[in-house]
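Summary of structural features
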Amino acid sequence: GPLNANLPQIERWQFLTGEPSGWGIKKLYSFFNQYIDNKLLILTDKPLGILPDGIAIRYFVKPTVKVIGLDQINNEQIVRYQKEFQPDKTFIVLSWQESLPDIQGQKVLEIERPGAINNRWRIYRVPDNI
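A brief look at the structure comes next.

About the thresholds
- Residues numbered from 1 in each chain as written.
- Predicted model: local features only at pLDDT ≥ 70, side-chain atom pairs only at ≥ 80, totals over all residues.
- Heavy atoms only, no water.
- Buried < 20%, exposed > 50% of the residue type's maximum accessible area, 1.4 Å probe, protein only.
- Helix = DSSP H or I, 4+ residues; strand = E, 2+ residues; numbered from the N terminus.
- Arc of directions from axis to C-beta.
- Contact = heavy atoms within 4.5 Å.
- Polar contact = N/O pair within 3.5 Å; in protein donor to acceptor, adjacent residues only side chain to side chain.
- Axes fitted to C-alpha atoms, helices over the stretch in contact; angles between N-to-C directions.
- Parallel < 35°, antiparallel > 145°, perpendicular 65-115°, else oblique.
- Left-handed = near helix turned anticlockwise from the far one by under 90°.
- Salt bridge = Lys/Arg side-chain N within 4 Å of Asp/Glu carboxyl O.
- Lys, Arg positive; Asp, Glu negative; His and termini not counted.

Those residues of helix α4 (residues 75–85) that sit buried are Asn75, Gln77, Ile78, Tyr81, Gln82 and Phe85. Angular distribution of buried residues about the axis of α4 spans 160°; they occupy a single face of the element. More than 90 degrees from the buried face of α4, the exposed residues found are Glu76, Lys83 and Glu84. For α4, the secondary structure elements touched by its buried residues are β1 (40–44), β2 (65–69), β3 (89–94) and β5 (120–126). Where α4 begins, the capping side chain belongs to asparagine 74, and its oxygen is found 3.1 Å from the backbone nitrogen of glutamate 76. Of the residues one or two after α4, glutamine 86 is the one with positive phi, at around 50°.

The next thing to look at is the packing of helix α2 (residues 25–33) against helix α3 (residues 50–58). Helix-helix packing: each pair is described by the crossing angle between the helix axes and the interaxial distance. With their axes 11 Å apart at the nearest point, α2 and α3 run at an angle of 50° to one another. In terms of axis orientation, α2 runs oblique to α3. Seen from above, α2 lies across α3 with right-handed handedness. Residues Ile25, Leu28, Tyr29, Phe32 and Asn33 of α2 form the contact with α3, whose participating residues are Ile50, Leu51, Gly54, Ile55 and Arg58.

Our focus in this paragraph is the pattern of salt bridges. Applying the stated criterion across every chain, the model contains three salt bridges. Where lysine 107 meets glutamate 110, a salt bridge forms, and the shortest distance between an N and an O atom there is 2.8 Å. Accessibility expressed as a relative area gives 41% for lysine 107, which makes it partly exposed. Note that arginine 120 is salt-bridged to glutamate 110, the shortest N-O span being 3.8 Å. Taken together, the residues arginine 120 in strand β5 and glutamate 110 in strand β4 (residues 106–112) connect sequence positions ten residues apart. Since its relative accessible area comes to 26%, arginine 120 is described here as partly exposed. On the accessibility criterion, glutamate 110 (30% relative accessible area) is partly exposed. A single salt-bridge network, built from bridges that share partners, covers Glu98, Lys107, Glu110 and Arg120.

By the element assignment, aspartate 45 lies in the loop between β1 and α3. Despite being buried, aspartate 45 has no salt bridge partner; arginine 122 is the closest side chain of opposite charge, sitting 5.2 Å away. In this structure the side chain of aspartate 45 is engaged in a polar contact, spanning 2.8 Å, whose partner is the backbone nitrogen of serine 95. With residues near it in sequence (within four places) discarded, aspartate 45 still touches Leu70, Asp71, Ile73, Val93, Leu94, Ser95, Trp96 and Gln97.

As structure tokens, then:
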């Protein structure tokens, strides 16, 4: 498979093992597609890159899906965006941030990615009105 391909180190990082890699994005899409008839708020722990841009591009034509990339996710941001958007369901995607802020959230999916760092995406469902 692709992980065994003989690629220069920079290309291996870009396409397979690094932060820009889209490895796992189809699993994210499959997960969110289950909820596509709901008004979704999706917060990611990075402001640019495959998260959140890969998700935002996929659901660009769905005005009921709001994707916001943040540097670090905290409770105040969650409350603010929930009040602003009034979602049916709120999800947080963590790639770098080790844990949720001090709220009750349930991990609903973990996607393993190749590489030494940024090697798992975790999706949490958080209460809709904190």
